[in-house]
Amino acid sequence: MKLFIPGPININENTKKSIQKDMISHRSEEFRELYKECKIGLQEIFQTKNPVLISTSSGSGLMEGAIRNFVREKVLICVIGAFGKKWASIAKACGKEVDILEITPGKAIQKEDLIKVVSGKEYDAICITQNETSTGVANHLAELASIVRESEALLLVDAVSSMAGANIKVDEIGIDVCITSSQKCFALPPGLAFASVSEKALEKAKNIEGRGYYFDFLELAKNWENNETPYTPNISLLFALQEKVREIQKETIEKRFERHLSLAKRAQEWAVENGFELFAEENYMSNTVTCIKNTKKVDMKKVKEKMMPKGYFIDAGYRKLNEKLISEGKDSTFRIPHMGELTIEELGEYLEELKQTIMEVEK
Ligand SMILES: Cc1ncc(COP(=O)(O)O)c(C=O)c1O
């Protein structure tokens, strides 16, 4: 079955083979070599000199860790969809004082929105979703980061569905903590999460109590220096990550970003050619997932059922977003994900199949 959902996505043969390797001790030289190669590869992809910590969890684990480690009292969460809301829920569950800057779904945050909210306030951190998977909107981080940098707040970024697919220059932009998961643009199985962390953030964490144990970034960073983890990591997935960074180096990150951009353009064109509209506002469309307004009111649940015997498991839209849109009398949405190792030919085949199936359902 080919997965056309925005994560987890298909994994390739190389990944399948690498996770079957014999187990090794996580306190061995062999492990330290493995970890070292992974961490250097990740720094290249994140375009940072900062440590990129590796956690055996999904991205949500590090999102919670980031809140616990870098927010003493007050945090601003910028919400442009479901995953911003999720970060706000995490911060509230950690007992933090949470302010929310919420933007209409389909739109991105503008500099002016952020300026209005932050002026006169002192936040420990400001959290921004780079790529909102539920709406297919990508925020312009560099512009927003320049506002955050005018304050003392740390900039925490959720790049779960875009890192390794979109060009996110962590150091150039000045992101303190940038988080991603293995099951999206890395095209690995779920179960690993990565977070780059700046010196400023690590310094701040030293004076924050209640950082927790499993996601104590100081402990993770100390072990990172020695190419180790504080506890037993998922070694099989690290073997897969090692192969993945080699694959990405072979493709080159520049070509990988270009490929994702071409995939996004193709998906956007397909939507318009087939009489739909795009949900994300112009100039803020995601490189990794295209969200489409179902202006033709096609029964996407039926399309999903009919695509199954053709070998495709597809996305019929983000449930909560669709419920909200429908309750407001608006068109629902569905998404075309295009991330990982997907080629333009494979996307083309999928889009053709989707078109035919939509026609069958419309009859
Ligand atoms: C933008 C975004 N943030 C956070 C998450 C949560 O990540 P995970 O499922 O790896 O915990 C997701 C998952 O889909 C996501 O798309």
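Residues numbered from 1 in each chain as written. Predicted model: local features only at pLDDT ≥ 70, side-chain atom pairs only at ≥ 80, totals over all residues. Heavy atoms only, no water.

Read from one edge of the open sheet, 3 strands run 11-12-14, paired in antiparallel fashion. Edge positions in the open sheet fall to strand 11 (277–278) and strand 14 (333–337), since each of these has one partner strand only. Taken together, the 2 bridges between strand 11 and strand 12 (residues 289–293) define a ladder with antiparallel strand orientation. Its bridge partner lying in strand 12, Leu-278 is registered against Ile-292. Here helix 11 (residues 253–273) sits on the sheet in contact with strand 11, strand 12 and strand 14, set at roughly 10 degrees to strand 12. (Pairing = 2+ DSSP bridges. Helix = DSSP H or I, 4+ residues; strand = E, 2+ residues; numbered from the N terminus. Contact = heavy atoms within 4.5 Å. Axes fitted to C-alpha atoms, helices over the stretch in contact; angles between N-to-C directions.)

Turning our eyes to something else, we now look at the pattern of salt bridges. Should the charged atoms of two oppositely charged side chains come close, the side chains can pair. Taken as a whole and judged by the stated rule, the model has 31 salt bridges. Its salt-bridge partner being Lys-16, residue Glu-13 comes within 3.2 Å of it at the nearest N-O pair. With Glu-13 and Lys-16 both in helix 1 (residues 13–18) and 3 residues apart, this pair spans about one turn of that helix. Residue classification places Glu-13 among the exposed residues on the basis of a relative accessible area of 54%. Each of Lys-244, Glu-247, Glu-251, Arg-256, Arg-259 and Glu-341 takes part in salt bridges that share partners, so that together they form one network. (Salt bridge = Lys/Arg side-chain N within 4 Å of Asp/Glu carboxyl O. Buried < 20%, exposed > 50% of the residue type's maximum accessible area, 1.4 Å probe, protein only.)

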